[in-house]
Amino acid sequence: MEHPAFMNSFNKVLHTFLNRDDGDECATRFLKFVGLFVASYGEEVTEDGSSHPVVESVFSEILSVCY
């Protein structure tokens, strides 16, 4: 699976779990997984010095739900 297709699917699932109730234990576990997954790319940068595309995509999705 290519990166854009993966991130599209990943962000759809992320969006679903971000919109669940606060007490949903499955959502909490999934979001902890996402945090660890994204943090594993935290120190990687692209050739121009920007954040890894996974980090940028996930934060963009999170901010779209919050605002």
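Residues numbered from 1 in each chain as written. Predicted model: local features only at pLDDT ≥ 70, side-chain atom pairs only at ≥ 80, totals over all residues. Heavy atoms only, no water.

Asker: Please give an account of the overall build of the protein that cites residues and values.
Answerer: Of the regular secondary structure elements, the protein holds 3 helices and 0 strands. Secondary structure elements of the protein, listed N to C terminal, follow the sequence α-α-α. Projected onto the principal axes, the alpha-carbon positions of the protein cover approximately 40 × 25 × 20 Å. Within the structure as shown, the protein displays about 5,000 Å² of accessible surface, and the carbon and sulfur contribution to it stands at 56%. (Helix = DSSP H or I, 4+ residues; strand = E, 2+ residues; numbered from the N terminus. Areas by Shrake-Rupley, 256 points an atom, 1.4 Å probe, with all protein chains shown as cover.)

Asker: Give a description of helix α2 (residues 25-39) that names residues and reports values.
Answerer: Look at α2: 21 Å from first C-alpha to last across 15 residues, which is about the 21 Å you get at 1.5 Å a residue. Turning to α2, its buried residues number three or more, namely Ala27, Phe30, Val34 and Val38. The arc enclosing the buried residues of α2, seen along the axis, measures out at 70°, which places them on a common side. Away from the buried face of α2 by more than 90 degrees, exposed residues Glu25, Arg29, Lys32, Leu36 and Ala39 are located. Regarding α2, its N-cap is Asp24, as a side-chain oxygen of that residue lies 3.0 Å from the backbone nitrogen of Cys26 further along. (Expected span 1.5 Å × (residues − 1). Buried < 20%, exposed > 50% of the residue type's maximum accessible area, 1.4 Å probe, protein only. Arc of directions from axis to C-beta. Polar contact = N/O pair within 3.5 Å; in protein donor to acceptor, adjacent residues only side chain to side chain.)

Asker: Describe the packing of aromatic side chains, and please don't skip the residues or the numbers.
Answerer: By convention here, two paired aromatic rings are described through the distance between centres and the angle between planes. Taken as a whole, this structure holds 7 aromatic pairs when the rule is applied. Ring geometry for Phe6 and Phe10: centres 5.5 Å apart, planes at 25°, overall stacked. Taken as a pair, Phe6 and Phe10 lie in helix α1 (residues 3-18) at a separation of 4 residues, close to a single helical turn. Judged by relative accessible area, which is 10%, Phe10 ranks as buried. Every member of this aromatic cluster is reached through a ring pair, and the members are Phe6, Phe10, Phe17, Phe30, Phe33, Phe37 and Tyr41. (Phe/Tyr/Trp six-rings, centres within 6.5 Å; stacked < 30°, edge-to-face > 60°.)

Asker: Before we move on, could you go through α1 and cite the residues and values that matter?
Answerer: In a regular helix each residue adds 1.5 Å, so 16 residues correspond to 22 Å; α1 covers 22 Å between its end C-alpha atoms and thus fits that length. Residues of α1 that are buried: Met7, Phe10, Asn11, Leu14 and Phe17. Each buried residue of α1 lies within a common arc of 120° when the element is viewed along its axis, so the set occupies one face.

Asker: Which residues make up the side chain of Glu61, and what are the values?
Answerer: Considering the arrangement of structural elements, one finds Glu61 in helix α3 (residues 53-66). Buried and unpaired, Glu61 has no salt bridge, with Lys12 as the nearest side chain of opposite charge at 10 Å. Excluding anything up to four places from it in sequence, Glu61 contacts Asn11, Leu14 and His15. (Lys, Arg positive; Asp, Glu negative; His and termini not counted. Salt bridge = Lys/Arg side-chain N within 4 Å of Asp/Glu carboxyl O. Contact = heavy atoms within 4.5 Å.)

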